[in-house]
Amino acid sequence: MAKPKVFVTRAVPDKGLDLVKQFCDADIWPESTPPSREVILAHVRGVDGIYCLLTDRIDGEVLDAAGPQLKVVSNMAVGFDNIDVPAATARKIPVGNTPDVLTEATADFAFGLMLTAGRRMQEGEQYVRAGKWQTWDPMLLLGVDFARSTLGIVGFGRVGKALARRAAGFDMKVIYYDPMARPDRDIKASSVDFETLLRESDFISLHTPLTAETRHLINAEAFAEMKPNCVLVNTSRGPVIDLDALYQALKNHQIFAAGLDVTDPEPLPLDSPLLTLENIVICPHIASASKSTREKMALMAAKNLISGLKGEYLPNCVNPEVYAK
Ligand code: GLV
């Protein structure tokens, strides 16, 4: 029997790709940059499945370009704001994502950004490389303390909770804002409203999905509420922060520093005014980028894809309503 046809929008770790190749006739985009819109529209034509990344916009036009035989869209990411899920649901196409496997790696990275920006490690590193290190200096690159500070977590899902567990080891008080959060007795953290979180936090870390409600959640009004010593960290999605407002807040020392793993747009243009500031550290969306985490994500996305191709329930499906009779 002929293998099902799939379009894979980038080479992913072998753990996932090998499984895809074993079960499918796979058209794998060979470049290291994402396929253009035109390429996606052309390559999905006639496929049974799409294995995509967060860099690919998959909407009704793409689903229709694929055709009525399309059975599944599998995203190698936990976030799925790149996919028009209602459009997939309307066409009865299950959409898969990769939760859980990246929780710890992402929480590690968020904590790393808090440490890097709060203790000015990025500035220290650049200082050494620039040959400016003359002596031990009692006033050099003074940062903020972690012990007994307050960490405010926006979005208390898997990653937010994993960050809270790390914060306990640093003797931090944890508060969170998440109207949907399920309480967790094992984690010492208090639920607060958004304004209280902004006003009381010494560190704020964002772990919310990107939705119409969370786009520019952190804007000029939010910065006006924050403490001047606040360190803001984002490992969720770039557009959750209004980056023009962030620039003003950092430049005017309305907050102390920021650490971003995600920006809007990505990649951040080299002429972004943010890159002229010293009190910010910016990474290229690598919070989940440990070798084993990316292997697990690639494998999980492959399993979602293959389940969908077989007409079975996806192990991780973001729109289970497609299975309703
Ligand atoms: C990464 O940002 C992901 O959503 O998996």
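Residues numbered from 1 in each chain as written. Predicted model: local features only at pLDDT ≥ 70, side-chain atom pairs only at ≥ 80, totals over all residues. Heavy atoms only, no water.

Regarding the sheet that holds strand 3 (residues 49–52)
Test applied: Any two strands between which DSSP finds at least two bridges are classified as paired. Secondary structure elements are taken from DSSP: a helix is a run of H or I of four residues or more, a strand is a run of E of two residues or more, and numbering for both begins at the N terminus.
Ordered by their spatial adjacency, five strands build an open sheet running 2-1-3-4-5, and the pairing between neighbours is parallel. On the outer flanks of this sheet lie strand 2 (25–28) and strand 5 (95–96), each paired with one strand and no other. Pairing between strand 1 (residues 5–8) and strand 2: four bridges, direction parallel. When the bridges of strand 2 are listed, V8 appears paired with I28.

Overview of the site of the ligand
Threshold: Near residues are defined by distance, with any heavy atom within 4 Å of the molecule or strand qualifying the residue. A 3.5 Å cut-off defines polar contacts: any pair of N or O atoms within that distance qualifies, except that in protein one atom must be a possible hydrogen donor and the other a possible acceptor, and neighbouring residues in sequence count only when both atoms are side-chain atoms. Residue-level accessible areas treat just the shown protein chains as cover; the underlying method is Shrake-Rupley with a 1.4 Å probe.
The immediate surroundings of the ligand are formed by L54, A77, V78, G79, L102, R237, H285 and M297. Residue V78 places a main-chain N or O atom 2.8 Å away from an oxygen atom belonging to the ligand. Within the side chain of R237, one N or O atom sits 2.7 Å away from an oxygen atom of the ligand. Here the ligand has 190 Å² of accessible area as a free molecule, and 90% of this is covered by the chains.

Topic: the domain arrangement of the chain
For clarity, the threshold we go by: Residue ranges for the domains originate in an automatic or database domain assignment. The criterion used for residue contact is that any of the two residues' heavy atoms lie within 4.5 Å. What gets called buried area is simply the loss in accessible area from a 1.4 Å probe that two parts show on being joined, summed for both. When a carboxyl oxygen of Asp or Glu is within 4 Å of a side-chain nitrogen of Lys or Arg, the pair counts as a salt bridge.
On domain assignment, one finds that the chain holds domain 1 (5–100 + 291–323) and domain 2 (103–282). Each of domain 1 and domain 2 has a C-alpha centre, and these two points are 31 Å apart. Listed as interface residues are eight residues of domain 1 and, on the opposing side, five residues of domain 2. Carbon and sulfur atoms make up 42% of the area that domain 1 and domain 2 hide from each other, which totals about 530 Å². Looking at the side of domain 1 facing domain 2, the largest losses of area belong to L54, D81 and D100, adding up to 70% of the total buried there. Applying the counting rule to domain 1 against domain 2 returns two salt bridges. Among the salt bridges present, the one from D81 reaches R237, with a minimum N-O distance of 2.9 Å. Counting across the domain 1 and domain 2 interface gives three residue pairs in polar contact (both at pLDDT 80 or more).

Some remarks on the side chain of T235
Structurally, T235 is set in the loop between strand 10 (231–234) and helix 10 (243–251). Those residues in contact with T235 that sit more than four places away from it in its chain are T106, F109, A110, L113, L206, H207, D261, V262 and A287.

Observations regarding the packing of aromatic side chains
For clarity, the cut-off: Each pair of aromatic rings taken from Phe, Tyr and Trp, with Trp reduced to its six-membered ring, is defined by centres within 6.5 Å and is described as stacked if the planes are under 30 degrees apart, edge-to-face if over 60, and tilted in the remaining cases. Note on classification: 1.4 Å probe, protein chains only; a residue is buried when its accessible area is under 20% of the maximum for its type, exposed when over 50%, partly exposed between these limits.
A full pass over the atoms with the stated rule returns seven aromatic pairs. Taking 6.0 Å as the distance between ring centres and 40 degrees as the angle between the ring planes, the aromatic pair formed by F111 and F146 counts as tilted. One end of the pair, F111, is in helix 5 (residues 103–118); the other, F146, is in the loop between helix 6 (121–129) and strand 6 (150–154), with 35 residues separating them in the sequence. Judged on exposure class, the residue F111 and its partner F146 are both buried. Ring geometry for F146 against F170: centres 6.1 Å apart, planes inclined by 55 degrees, an arrangement best described as tilted. With F146 in the loop between helix 6 and strand 6 and F170 in the loop between helix 7 (158–169) and strand 7 (173–177), this pair connects stretches of sequence that are 24 residues apart. Among the aromatic residues, ring-to-ring pairing joins F111, F146, F170 and F203 into one connected group.

What about the pairing of strand 1?
Short version of the rule: Whether a crossover is right-handed comes down to one check: with the strands pointing away from the viewer, does the path from the first strand over the helix to the second run clockwise; if it does, it is right-handed.
Each parallel crossover has a hand, and the one from strand 1 via helix 1 (residues 14–23) to strand 2 is right-handed. Across three bridges, the pairing between strand 1 and strand 3 is parallel. Looking at the pairing, V6 lines up with G49 of strand 3.

Some points on the sheet that holds strand 9 (residues 203–206)
Let me state the cut-off plainly: To get an axis, a line is fitted to the C-alpha atoms, and for a helix only the part in contact is used. The angle between two axes follows their N-to-C directions and goes from 0 to 180 degrees.
Spatial strand order, 8-7-6-9-10-11-12: seven strands in an open sheet with parallel pairing. One side of each edge strand has no neighbouring strand; the edge strands of this open sheet are strand 8 (190–191) and strand 12 (280–282). Looking at chain direction, strand 9 and strand 10 are connected through four bridges and run parallel. By the bridge assignment for strand 10, S205 is matched with V233. Packing against the sheet, helix 7 makes contact with strand 6, strand 7 and strand 9, and its axis sits at approximately 170 degrees to strand 6. Each of strand 10, strand 11 (257–260) and strand 12 is contacted by helix 10, which is oriented at about 145 degrees to strand 11, the strand it contacts most.

Description of helix 5
The criterion, for reference: Helices are assigned an expected span. That span is 1.5 Å times one less than the residue count.
Between the first and last C-alpha of helix 5 there are 22 Å, a value that for 16 residues agrees with the 22 Å anticipated at 1.5 Å per step. Of all the positions in helix 5, only T103, A105, T106, A107, A110, F111, L113, M114, T116, A117 and G118 are classed as buried. Where helix 5 ends, the next residue or the one after it, R120, has phi of about 60 degrees, a positive value.

Concerning the pattern of salt bridges
Enumeration over the complete set of coordinates arrives at 16 salt bridges. For the salt bridge of R166 with E104, the shortest nitrogen-to-oxygen distance reads 2.8 Å. Here R166, found in helix 7, pairs with E104, found in helix 5; they are 62 residues apart in sequence, far enough to count as distant. Between D171 and R148 there is a salt bridge, and its shortest N-O distance comes to 2.9 Å. Of this pair, D171 sits in the loop between helix 7 and strand 7 while R148 sits in the loop between helix 6 and strand 6, and the two are 23 residues apart along the sequence. By relative accessible area, which is 43% here, D171 ends up partly exposed. Using a relative accessible area of 66% as the deciding quantity, one classes R148 as exposed. By sharing partners, the salt bridges in this structure join E104, D108, R165 and R166 into a single network.

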